[in-house]
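Structural overview for review
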Amino acid sequence: MCSPWDVRTICTVWTPRSKVLKSAVITHNRLVAGSNPAGPTYYLMKPSGFVEISLILLITLGCMPAPTEATPRPSPAPINFTNTTVSLTFDDGAADNYAVRPILSERGLHATFYIVSGFTGTEGYMTAGQLRDLFEDGNEIGGHTLNHTKLTEVRGADLEREICQDRQNLLDHGFEVTSFAYPFGHYDEVSKQVVKDCGYANARAVTGGPDAIPPEDPFALQAMPYIVQDTTINKLMRYVTGAEVEGGGWVILVFHRVCTGYNEYAIDLETFTNLADWLAYQRDLNGLVIKTVGEVIGR
Ligand SMILES: [Zn+2]
């Protein structure tokens, strides 16, 4: 009898710096392959056993299968994350963001969703019930103003209303709201002060990352560049591994839409799923920490 694991290839993933990121043993499960017209199933070998992953993920990770008849090379050490934390953040509360809910929960990942409360429940945006689902899964709900207003262009009562009323709306929904993101990343000392006065514990900008833990200024958190349609998974992984190589830090990833073909500020669901797989893998095996923004700041 053949064991289910008897056809085996070795897949090694290389970083752009030619350091080995990880190696994986890919197995064609002949039992499944024999009965599944969609093709073989691929597995990643982990200490806890084999985990099924998609062929697309393998290809995306840059795997180059090689036959095992050749003498296997010794497995190089995987990258060991000693000082890197990743936060997944979603801006605006678009309706398509709800699609990531099962992807996060199935992998035990939690993200921060910055909500424009004036848009909640309107066409194209998540409903209060959907936000509650995300919150109850352990995700964080943060504020992003009442109407997605550029805060450097409003003053006085209008500025306070945009920031404070938005937070109050989210509190009224029953969420714990301590994190804020500046629309378009625009802020100045006046708007920063109002964010503090309205009861927030931190505020995220849009560039300059990775930040440090603790950050130099919790009210100007530095994020990685916007994730746009042509941001590849390799680039996303490099943001994370690059931070570790440089001594570690806080890698805050900024997503907007989750869809294909909408606009440049979008990631498709498949790429996000592959990223979530990779992050969960690095967390489980190599010490990567993934937290919401509020968890990092210590809300
Ligand atoms: Zn926004």
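Residues numbered from 1 in each chain as written. Predicted model: local features only at pLDDT ≥ 70, side-chain atom pairs only at ≥ 80, totals over all residues.

So, the nonpolar core
One broad rule of soluble globular proteins: the nonpolar side chains tend to lie buried together. Counting 65 residues, the largest nonpolar core has Val86, Ile141, Ala203, Val251, Ile252, Leu253 and Val254 as the members making the most contacts within it. For this core, the element with the highest residue contribution is strand β12 (residues 249-255), accounting for six residues. (Core = buried A, V, L, I, M, F, W, Y, C linked by C-beta atoms within 7 Å. Buried ≥ 20, exposed ≤ 12 C-beta atoms within 10 Å, placed from the backbone. Helix = DSSP H or I, 4+ residues; strand = E, 2+ residues; numbered from the N terminus.)

A short note on the pairing of β12
Most of β12 sits out of view: seven of its seven residues are buried. With seven bridges connecting them, strand β6 (residues 84-92) and β12 associate as parallel partners. Across the sheet, Thr85 pairs through a bridge with Trp250, a residue of β12. (Pairing = 2+ DSSP bridges.)

Regarding the environment of Leu253
Inspection of the secondary structure puts Leu253 in strand β12. Once the C-alpha coordinates of Leu253 and Ala223 are considered, the two residues, 30 residues apart in sequence, prove to be 6.3 Å apart. Once residues lying within four places of it in the same chain are set aside, the contact partners of Leu253 are Val86, Ser87, Leu88, Thr89, Met224, Ile227, Leu236 and Tyr239. (Contact = placed C-beta atoms within 7 Å.)

Some remarks on the packing of helix α5 (residues 156-172) against helix α6 (residues 189-197)
Running from amino to carboxyl end, α5 crosses α6 at an angle of 45°, the nearest separation of the two axes being 9 Å. Between α5 and α6, the interaxial angle falls into the category oblique. Of the two elements, α5 crosses α6, and the hand of that crossing is right-handed. Two secondary-structure elements touch here, α5 through Leu159, Glu160 and Ile163 and α6 through Ser191, Val194 and Val195. Residue composition of the contact of α5 with α6, by class: four nonpolar, one polar and one charged. (Axes fitted to C-alpha atoms, helices over the stretch in contact; angles between N-to-C directions. Parallel < 35°, antiparallel > 145°, perpendicular 65-115°, else oblique. Left-handed = near helix turned anticlockwise from the far one by under 90°. Nonpolar A, V, L, I, M, F, W, Y, C, P; charged D, E, K, R; others polar.)

So, α6
When α6 is considered as a whole, its buried residues turn out to be Ser191, Val194 and Val195. What you see down the axis of α6 is that its buried residues fit within an arc of 105°, all on one side. Away from its buried face, by an angle of more than 90 degrees, α6 presents the exposed residues Glu189, Gln193 and Asp197. Backbone geometry just downstream of α6 places Gly199 in the positive-phi region, at approximately 105°. (Arc of directions from axis to C-beta.)

The analysis is restricted to geometry; functional conclusions fall outside its scope.
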